[in-house]
Amino acid sequence: MKNKIHLYELECYKNATEEQKNKMRICEKRYFDLEGLPSESIRLLLEEFIWERGKCLAPSSLNSEFLYYNNIRDFLIECEIEELQPDEEQKIIRLLKKWMLKHGYALTSQKYKAEYDKVVSQTSSIEKHMKKILRFAKSDDERQEQEKDIWELYKFDFSMRINPIKNVKTLNFTKIPQPDIREEVKKVVYMHLKHEAIGTILAEIAAVNRFTKYLKTRQPKITSLLVLGRKQIEEYLIYLQTEARERKNYRSDLYALRRVIEDVGCLYEQHQLCDIFLNNDFPSTPRYLFKFYSDAEIKRLNEHIFKMDEQICRALIIHQLLGTRISDTLTLKTDCLSKRGGRYFIRIEQVKSITFEKAISDEVGQLVQKAIDYTKKQYGDTEYIFVKKDDPAKPYQYSMLQNKIMKMIRQENIRDDHGELMNFGTHIFRHCYGKKLTEMHVEDWMIARLLGHKTLQTVHHYRRIGNKTMADETRKTREKMDAILLEIVMEWDGEWI
């Protein structure tokens, strides 16, 4: 029986370069110790887990896990835990935290986020490692995925509306404390999963989590959505209006909750649930104030964007010039560009809406083509233009782009027109694009087409940003935005355009 697993025995170490091996300190005493564990099943589970980790991690990453593994081994031995049941995760984590406090380990760790200049609390590495072991134990679960409390989306055999720039891998129902409600919600979410966007599904789960947390503390006798009455909904609405402070407005949250409850009613033939909400239950739509950058702020920000990684720079400049949502810019495909009648056209496959084409200038077309050529040279044939370095099958992730920009703003001390550190949101560029079109007196139907809207419904928001006086005063500088950007783009050397 093998009770020691040395790092140099694992696949990741055998496949490592000499440079990687030389950076690590490997000695006979450094090994994963399987001796003395409370049961044979625990020993076999941890052994399989270590060998599996050895296949997928870099040796340096696996080397850092020795400490966490030893902590967990000591916990299992001292608490005499003979079985790790994935369904008892909350109980096991509770026992682990109790053990950590007893031995002086912090339950959370502090991490400085330079991009936001703040320290955030995060789950301790010991707890994270235990959860990885429990997730690994679940991999042998032979139940259908929709019967589990944590769904791994890749295991479903049907297509889903997943936003490629958001890294969503699982749906977690463990925060619903009532077992009956959890099962009812899982059935509805499984039904929605086949036609709703993942973002909508996540909003529904968040709304249910908030509601069931309220039920547990204020209405503990309610253990199923099927027994809900109008009285419980009214009391919840009062709670949201008078006590809840998690959000500024619960309108969208309540709509998501209503969708779930009504579909639970339809699924279980409890049709009274379809009338449990009234139209006046929902708060009025909050007044939406569009934010936008001044021309000086755009120029100030772009001066530093031009110094970033060249492909990230291209992505952000193309994003500004197209007026697209960031999800549509980052999911531009390598075959999106075409030329007809001597003009460039670009196909934009909107993640949230329709696919459409629009004409672009020669300079923008050349910039997009340069981005395509760069990706092809670096990564070969890929689906997307802007791809992750470590996984070219996927596009840039929004969080990566946002973090890099926020970090740059703080490092370079970029200020807005009021002297404050600039707040950054990629969608503001779309507001600027739409507003500029209104100031140029472009008709509403054309603005809608250029923005990729199905209807004229939202165009009025761009016209409400300012009055006619502001439009007249700023038109000249706003119209210069494309010219300024294109002038700088054209000044890049042959490596860029």
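Residues numbered from 1 in each chain as written. Predicted model: local features only at pLDDT ≥ 70, side-chain atom pairs only at ≥ 80, totals over all residues. Heavy atoms only, no water.

Undergrad: Got a minute to help me understand a positive patch on the surface in this structure?
TA: Together, Lys-111, Lys-113, Lys-118, Lys-128, Lys-132 and Arg-135 make up a positively charged patch on the protein surface. Of all the secondary-structure elements, those providing two or more residues to the positive patch are strand E3 (108-113) and helix H7 (125-138). Broken down by element, the residue count for the positive patch peaks at 3 residues, all from H7. Position of Lys-132 relative to the elements: it lies in helix H7. (Patch = residues over 30% accessible without salt bridge, like charges linked within 9 Å, V, L, I, M, F, W, Y side chains within 5 Å. Areas by Shrake-Rupley, 256 points an atom, 1.4 Å probe, with all protein chains shown as cover. Salt bridge = Lys/Arg side-chain N within 4 Å of Asp/Glu carboxyl O. Lys, Arg positive; Asp, Glu negative; His and termini not counted. Charge placed at Lys NZ, Arg CZ, Asp CG, Glu CD. Helix = DSSP H or I, 4+ residues; strand = E, 2+ residues; numbered from the N terminus.)

Undergrad: Help me understand the sheet that holds strand E9 (residues 355-360) in this model?
TA: Remark on secondary structure: sheet strands pair via backbone hydrogen bonds, oriented parallel or antiparallel. Pairing within the open sheet is antiparallel, and its 3 strands lie in the order E7-E8-E9. Each edge of the open sheet is held by one strand with a lone partner, namely strand E7 (337-340) and E9. Ignoring which end each strand starts from, the neighbouring axes of this sheet average 30 degrees apart. (Pairing = 2+ DSSP bridges. Axes fitted to C-alpha atoms, helices over the stretch in contact; angles between N-to-C directions.)

Undergrad: Honestly, the packing of aromatic side chains in this entry has me stumped. Any pointers?
TA: The geometry of two aromatic rings is summed up by the distance between their centres and the angle between their planes. One pass over the full model with this rule turns up 19 aromatic pairs. Measuring from ring centre to ring centre gives 5.3 Å for Phe-32 and Tyr-69, while their planes differ by 80 degrees; the resulting arrangement is edge-to-face. Taken together, the residues span a long stretch of sequence, with Phe-32 in strand E2 (residues 31-33) and Tyr-69 in helix H5 (residues 65-78) at a distance of 37 residues. Just as Phe-32 is buried, Tyr-69 falls in that class too. Grouping aromatic residues by their ring pairs yields a cluster made of Trp-151, Phe-156, Phe-158, Phe-173 and Tyr-190. Taking the ring centre of Phe-158 as reference, the NZ or CZ of Lys-194 above it sits at 5.5 Å. Directly above the aromatic system of Phe-345 lies the positively charged group of Arg-340, at a separation of 4.1 Å from the ring centroid. (Phe/Tyr/Trp six-rings, centres within 6.5 Å; stacked < 30°, edge-to-face > 60°. Buried < 20%, exposed > 50% of the residue type's maximum accessible area, 1.4 Å probe, protein only. Lys NZ or Arg CZ within 6 Å of the ring centre and 35° of its normal.)

Undergrad: Whenever I open this one, the layout of surface pockets confuses me. Can you help?
TA: Any empty space left between the atoms is revealed when a probe the size of a water molecule rolls over them. What the second largest pocket holds in volume is close to 1,400 Å³. Along its surface, the second largest pocket is lined by 39 residues, and Glu-89, Arg-135, Lys-138, Ile-150 and Asn-172 are the ones closest to its centre. Elements represented by at least two residues in the lining of the second largest pocket include exactly helix H3 (40-56), helix H6 (89-102), H7, strand E5 (150-152), strand E6 (170-172) and helix H9 (198-218). Along the lines of polarity and charge, the residues of the lining of the second largest pocket split into 9 nonpolar, 6 polar and 24 charged. (1 Å grid on protein atoms, 1.4 Å probe; cavity = no way out; pocket = protein on both sides within 12 Å on 5 of 7 lines; lining within 4 Å. Points joined across faces, edges and corners; volume = space filled by probe spheres on them. Nonpolar A, V, L, I, M, F, W, Y, C, P; charged D, E, K, R; others polar.)

Undergrad: Mind showing me how you'd approach the nonpolar core here?
TA: A general trend in soluble globular proteins is that nonpolar side chains are found buried together. Formed by 43 residues in total, the largest nonpolar core has its most connected members in Leu-301, Ile-305, Ile-346 and Val-368. For this core, the secondary structure elements donating two or more residues are helix H12 (295-305), helix H13 (310-322), helix H14 (326-330), strand E8 (343-349), E9, helix H15 (362-379), helix H16 (398-412) and helix H17 (426-439). The element best represented in this core is H13, accounting for 8 residues. Ignoring any residue separated from it by four or fewer positions in sequence, one finds Ile-346 in contact with Leu-322, Leu-332, Cys-336, Leu-337, Phe-356, Glu-357, Lys-358, Ile-360 and Val-368. Formed by 41 residues, the second largest nonpolar core is a distinct cluster that contains Phe-173, Ile-198, Tyr-236 and Tyr-250. (Core = buried A, V, L, I, M, F, W, Y, C linked by side-chain atoms within 4.5 Å. Contact = heavy atoms within 4.5 Å.)

Undergrad: Teacher, can you tell me more about unusual backbone geometry here?
TA: Note: most peptide bonds trans; most residues except glycine with negative phi. Phi is positive for Glu-80, which is not a glycine, with a value near 55 degrees. Within the element layout of this structure, Glu-80 appears in the loop between H5 and H6. For Glu-80, a relative accessible area of 64% puts it in the exposed group. The phi dihedral of Glu-269 is positive, around 55 degrees, even though this residue is not glycine. The topology assignment puts Glu-269 in the loop between helix H11 (251-267) and H12.

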